[in-house]
Amino acid sequence: MDVFGGAPRFLAYPRPVVVQSGADAVLKCQIGGDPRPAVIWERSNEKIDPQGRYRVFEDGNVYNLIITAVTIEDSGQYICKAKNSIGETYAAATLKVEGEAQEMELREENKPRFLIKPLSTRVGRGEDAVFSCKLWGNPRPEVVWEKDGRKLNEIFESTHFSVGYQDGGWFQLKIFKTRAPDGGVYTCKARNEFGEALAGAVLLVDAGPGHEEEGNRNGYTNGQWKVHQSKQRTGRQVPNRLKDDAMTKSTKVKMFAVTEGKHAKFRCFVTGKPKPEIIWRKDGRLILSGRRYLLYEDREGYFTLKVLYCKQKDNGVYVCAASNTAGQTLSAVHLSVK
């Protein structure tokens, strides 16, 4: 045998393999060579170690890679490389996993999604407030309404609100004879066996003449922030200035879009005496600094929230709430991750 004839060569190239999700997949190829070649398998330019769900074995000159309990993530191209002292060669094998993709498609088709999201609203003290939204989901989603991250039946008496459903996928929350403390972020959570969806909106309650102090003490202000506000007799000053880069100064929650994987940054500037405490919430839930969130006050005095590497689950209403002993104010933005 000549020298070239001893280099590894494929006697049978690997064939494409199609298996169902959860089954075992076997990729194989037949290789000759003298001396006998060493064979490895790679994926994404990384060697596959024969451990965990991966096993390799030889049957004469047939080399096998076995992947147990495959998932959709295992789909793709695998490289079989053979090398000896004379030379080397390689070939690609394709694995396609079926079943899970269809399941994911079914889940995407039937999980809850908002066709029309609830809108933020402002009402006068004593007026009724109504949030409506239109949902799709099969089976029909179960809907739960929350305020500032708490279920309504935990904070309201049963006669203070009602929830309802109308044909066509319309869900409604009605709050009767609103009071200042009713102001806040209301969240609609929809869930069925295929997934869940969430949307939020802000309720602002105008305290009305003669009740300004009550409104400042107990609830959210009406969203109109003045650059200058006179001090009260006690020397305390309600948080009176809230500037924003992607925040809102009106009842309507402003939309802010970010590309998936990018960072989203919200800034607000607040003044008041004593110095206000700043709390950030997403869909009514308190946000704390961590791996995904950065909270800080920058050199310019802006209170900043940074959402890192945005994902679809970061969609929602973000609220910056400023409060001190004199009162409270807020600004809100709806983040949409594209």
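Residues numbered from 1 in each chain as written. Predicted model: local features only at pLDDT ≥ 70, side-chain atom pairs only at ≥ 80, totals over all residues. Heavy atoms only, no water.

Caption draft 1: Spotlight on the overall build of the protein chain. Of regular secondary structure, the protein chain possesses three helices and 27 strands. Taking as baseline every contact in the protein chain between residues at least 6 positions apart, the subset at least 24 positions apart corresponds to 65%. A total of about 18,700 Å² of accessible surface is found on the protein chain, and carbon and sulfur atoms cover 49% of it. (Helix = DSSP H or I, 4+ residues; strand = E, 2+ residues; numbered from the N terminus. Contact = heavy atoms within 4.5 Å. Areas by Shrake-Rupley, 256 points an atom, 1.4 Å probe, with all protein chains shown as cover.)

Caption draft 2: Structural detail: the pairing of strand 6 (residues 54–59). Summarising the sheet, strand 6 and strand 7 (residues 62–67) pair through six bridges and their orientation is antiparallel. Each residue of the ladder has a partner; that of Tyr54, found in strand 7, is Ile67. The antiparallel pairing of strand 6 with strand 7 creates a hairpin that spans two residues between the two strands, and Gly60 there sits at a positive phi of about 70 degrees. (Pairing = 2+ DSSP bridges.)

Caption draft 3: View of the environment of Arg292. Within the element layout of this structure, Arg292 appears in the loop between strand 23 (285–286) and strand 24 (293–297). When the C-alpha atoms of Arg292 and Tyr309 are compared, they prove to be 7.4 Å apart, with 17 residues separating the residues in sequence. In this view, Arg292 contacts Lys306, Val307, Leu308, Tyr309, Cys310, Lys311, Lys313 and Asp314; residues no more than four positions away in its chain are not counted. Side-chain polar atoms of Arg292 contact the backbone oxygen of Leu308, separated by 2.8 Å. At a separation of 3.2 Å, a polar atom in the side chain of Arg292 contacts the main-chain carbonyl oxygen of Tyr309. (Polar contact = N/O pair within 3.5 Å; in protein donor to acceptor, adjacent residues only side chain to side chain.)

Caption draft 4: Here's a closer look at the side chain of Thr187. As for its placement among the helices and strands, Thr187 is situated in strand 17 (residues 184–192). For Thr187, the residues in contact, after removing those within four places along its chain, are Val144, Trp145, Glu146, Leu198, Ala199, Gly200, Asp283 and Gly284.

Caption draft 5: Up close: the packing of aromatic side chains. Per the counting criterion, the structure on display carries six aromatic pairs. Geometrically, the ring pair formed by Phe266 and Tyr318 is tilted, given 5.5 Å between the ring centres and 40 degrees between the ring planes. Of this pair, Phe266 sits in strand 21 (residues 264–273) while Tyr318 is found in strand 26 (residues 316–324), placing the two residues 52 residues apart along the sequence. For the pair Phe266 and Tyr318, a shared accessibility class is recorded, and that class is buried. An aromatic cluster of at least three residues, connected via ring pairs, comprises Phe256, Phe266 and Tyr318. Sitting over the ring of Tyr165, Arg140 keeps its end group 3.9 Å from the ring centre. Sitting over the face of the ring of Tyr302, Arg267 holds its NZ or CZ atom 3.9 Å from the ring centroid. (Phe/Tyr/Trp six-rings, centres within 6.5 Å; stacked < 30°, edge-to-face > 60°. Buried < 20%, exposed > 50% of the residue type's maximum accessible area, 1.4 Å probe, protein only. Lys NZ or Arg CZ within 6 Å of the ring centre and 35° of its normal.)

Caption draft 6: Representation of the sheet that holds strand 2 (residues 17–20) in the model. On the basis of which strands lie adjacent, the open sheet formed by five strands has the order 2-9-8-4-5 and mixed pairing. Each end of this open sheet is capped by a strand with a single partner; those strands are strand 2 and strand 5 (46–47).

Caption draft 7: View of a nonpolar patch on the surface. Side chains of Leu115, Ile116 and Trp136 sit close together on the surface and give an oily, nonpolar patch of about 280 Å² of accessible area. Relative to the helices and strands, Leu115 is located in strand 10 (residues 113–116). (Patch = residues over 30% accessible without salt bridge, like charges linked within 9 Å, V, L, I, M, F, W, Y side chains within 5 Å. Salt bridge = Lys/Arg side-chain N within 4 Å of Asp/Glu carboxyl O.)

Caption draft 8: Summary view of the pattern of salt bridges. Tallied over the full model, the rule gives 13 salt bridges. Among the ionic pairs, Asp182 bridges to Arg179, the shortest N-O distance being 3.9 Å. With a relative accessible area of 1%, Asp182 lands in the buried category. Of the residues examined, Arg179 reaches a relative accessible area of 31% and is grouped as partly exposed. Between Asp314 and Arg292 there is a salt bridge whose closest N-O contact spans 2.5 Å.

Caption draft 9: Up close: the layout of surface pockets. Within this model, the largest pocket holds a volume of roughly 730 Å³. Forming the boundary of the largest pocket are 24 residues, of which Ala197, Leu198, Gln312, Lys313 and Asn315 lie nearest the centre. Listed by contribution, the elements that provide at least two residues to the lining of the largest pocket are strand 10, strand 17, strand 18 (195–206), strand 23 and strand 27 (327–337). In terms of residues, the lining of the largest pocket owes the most to one element, strand 18, which gives four residues. (1 Å grid on protein atoms, 1.4 Å probe; cavity = no way out; pocket = protein on both sides within 12 Å on 5 of 7 lines; lining within 4 Å. Points joined across faces, edges and corners; volume = space filled by probe spheres on them.)

Caption draft 10: Layout of unusual backbone geometry. For the bond running from Asp34 to Pro35, omega is 5 degrees, close enough to zero to count as cis. For Pro35, the position within the fold is in the loop between strand 3 (25–32) and strand 4 (38–43). At the junction of Asn138 and Pro139, the peptide bond is cis and its omega measures out at 5 degrees in the coordinates. Within the chain, Ala69 stands out as a residue other than glycine whose phi angle is a positive 50 degrees. Structurally, Ala69 can be placed in the loop between strand 7 and strand 8 (76–83). Positioned with a positive phi, Tyr309 is a non-glycine residue whose angle comes to about 45 degrees. Tracing the chain through its elements places Tyr309 in the loop between strand 25 (303–307) and strand 26.

Caption draft 11: Inspection of the confidence of the model for the protein chain at higher detail. Looking at the protein chain as a whole, the pLDDT averages 81, with 83% of positions reaching at least 70. Predicted confidence for residues 212–252 stays below pLDDT 50, and this span has 127 contacts to residues more than four positions away or in other chains. (pLDDT = per-residue confidence, 0-100.)

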